[in-house]
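Structure assessment
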Amino acid sequence: MSESLKTCYRYLEETGRSYAAVIQALEGELQHAACIFYLVLRAVDTVEDDMTISLETKISILKNFHNFLYQPDWRFMDGKQKDCIVLKDFPTISQEFRNLAVVYQEVIANAVCEQALGMVEYLKKQVETIQDWDKVRNRIEYCYYASSPLICGLSVMFSVSGLENSIVGEDTRVSISVSLFMQKMNIIRDFLEDQLNNQEFWPKEVWSKYGKKLSDFTKPENTVPAVQCLNELITNSLQHVPDIFLYLSRLQNQRVFKFCAVPLMMAIATLATCYNNQQVFKRKVKIRKGQTVTLMMNTTTMQAVKAITCQYMEEVWMSSIF
C-alpha cells in the first residue's frame, strides 16, 4: 500500500467513524474505491456544513467539486469544521482517486457532481414538507442529495466489481429507499446538533403540528409535543425497512453483505433508542458501545438481520405503550 493510500485510510479512521471498520472488511480494489469514495463525499459534506464559509464561496466550490478530483493541487485551507483535514489534504485523496480503475472513477465523479449540485439547491431552501424530505421523483430533496449518491454509487461498484449481480446496481429505487432511511436516521438523531448550528432539517409539515417553532422543542415545557413529533418521524422512517430487506437479500458476497448490513442494523438500533426518548432534545443519542460490538459480530445473514430488526421493533412497540 502506498504512503498516500495509507494516509487516506488514516483519514477514514479519523472521519469515517462506524464506516471505517466495515469499509476495511471489504477486499481488493473495491475496498480502496469505497475508502476514497467516502472521503471525497466527506469533503463535500464538510464544505456544505461549514457555516464559516461564505455562501458565494461555498456554491462555487460545490459546483466545481467533481472537477477538483482531476486537479492534483486543489485544496481548501480555510475550513473550520472538525473534518477539514480532508479538504486541506485533498491532493492526497484526489491522487488515490486517479489511481483507481476508470470505472470506479466514473461512479465517484458522477455521485460527487450529483450530491454537490443538490446541496447547492438546498443552501437557500428549507425542508418544508414530507415531499421535500424524501420524494424522489423530482430529485431536489435534501435527504436524496445528502445520501443517495453514496448508496447508489456503492451499489454500482458492487455490480461492476463482479462480486454482485447487476440488479444491485441497476435497481436505483431500492438503493434510494435504503439511503433515505439512513439519512432520515441521521437527521432525527442530530436534532440538537443541527439546532446549535442554526440548521433545521425536520420537515415543517410534521413539526408545525406540534409547535410554532422547531427550536421550541428544546424547552422543557414542550417535551410532550416534541416527543410526539419525534415518534412520527421515526415511524415515517421505518417504512423503508421492507426495501432494506430486499436490498440485503440480493447480496451474495459475505463481505459486501456485512459492509451494508451492519450500518443498517446500527441505524435501526439508533431509531429504537431515540423512539419516545426526550433525551434527543438534550444531547446526541447514541447506541451503547456494547450494542455496536454485538451488531458487528452478529449481523452475518438475512436471518440474523430479520431477527435483529424484530428485536428493535419490539422495543419500539413496548416504548410506545408505556
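Details of the structure are given in the entry above.
Every chain is numbered on its own, with residues counted from 1 as its sequence reads. Whole-chain, interface and lining totals are the exception, using all residues; otherwise, since this is a predicted model, local features are given only for residues with pLDDT of at least 70 and side-chain atom pairs are given and counted only at 80 or more. For side-chain calculations, the full set of non-hydrogen atoms in the structure is used, while hydrogens and water are omitted.

**Overview of the environment of Cys274**
- Tracing the backbone through its elements, the reader meets Cys274 in helix α16 (residues 254-274).
- Note on Cys274: relative accessible area 0%, which makes it buried.
- Each C-alpha atom of the pair Cys274 and Ile287 lies 9.2 Å from the other, and the pair is 13 residues apart in sequence.
- Here a residue-residue contact requires only that any non-hydrogen atoms of the pair lie within 4.5 Å. Not counting residues within four places of it along the chain, the set of residues in contact with Cys274 comprises Arg189, Leu230, Ile234, Val280 and Val285. Under the DSSP-based scheme used, a helix requires at least four consecutive residues in state H or I and a strand at least two consecutive residues in state E, with every element numbered from the N terminus. Think of it in three bands: residues with accessible area under 20% of the maximum for their type are buried, residues over 50% are exposed, and the middle band is partly exposed, with areas taken using a 1.4 Å probe on protein chains only.

**Observations regarding the pattern of salt bridges**
- When a carboxyl oxygen of Asp or Glu lies within 4 Å of a side-chain nitrogen of Lys or Arg, that pair is called a salt bridge. Applying the stated rule across the entire model yields 11 salt bridges.
- Note that Arg42 and Asp83 form a salt bridge whose closest N and O atoms lie 3.8 Å from each other. Linking Arg42 in helix α3 (residues 28-49) with Asp83 in the loop between α4 (55-68) and α5 (85-88), this pair joins segments that are 41 residues apart in sequence. Pair check on accessibility: Arg42 and Asp83 agree, each one buried.

**Regarding the packing of helix α1 (residues 3-15) against helix α6 (residues 90-99)**
- Simply put, an axis is a line fit to the C-alpha atoms, just over the touching stretch for a helix, and the angle between two N-to-C directions goes from 0 to 180 degrees. Running from amino to carboxyl end, α1 crosses α6 at an angle of 115°, the nearest separation of the two axes being 9 Å. In the crossing of α1 with α6, the sense of the turn from one axis to the other is left-handed. Of the residues in α6, those in contact with Ser4, Leu5, Thr7, Cys8 and Tyr11 of α1 are Thr92, Ile93, Gln95 and Glu96.
- All residues other than Ala, Val, Leu, Ile, Met, Phe, Trp, Tyr, Cys, Pro, Asp, Glu, Lys and Arg, Gly among them, are scored as polar; the first ten of these are nonpolar and the last four charged. Among the residues forming the contact of α1 with α6, the class breakdown is four nonpolar, four polar and one charged. Two helices cross in a left-handed way if the nearer one is turned anticlockwise from the farther one by less than a right angle. They cross in a right-handed way if the turn is clockwise.

Scope: geometric values only; no functional claims are made or implied.
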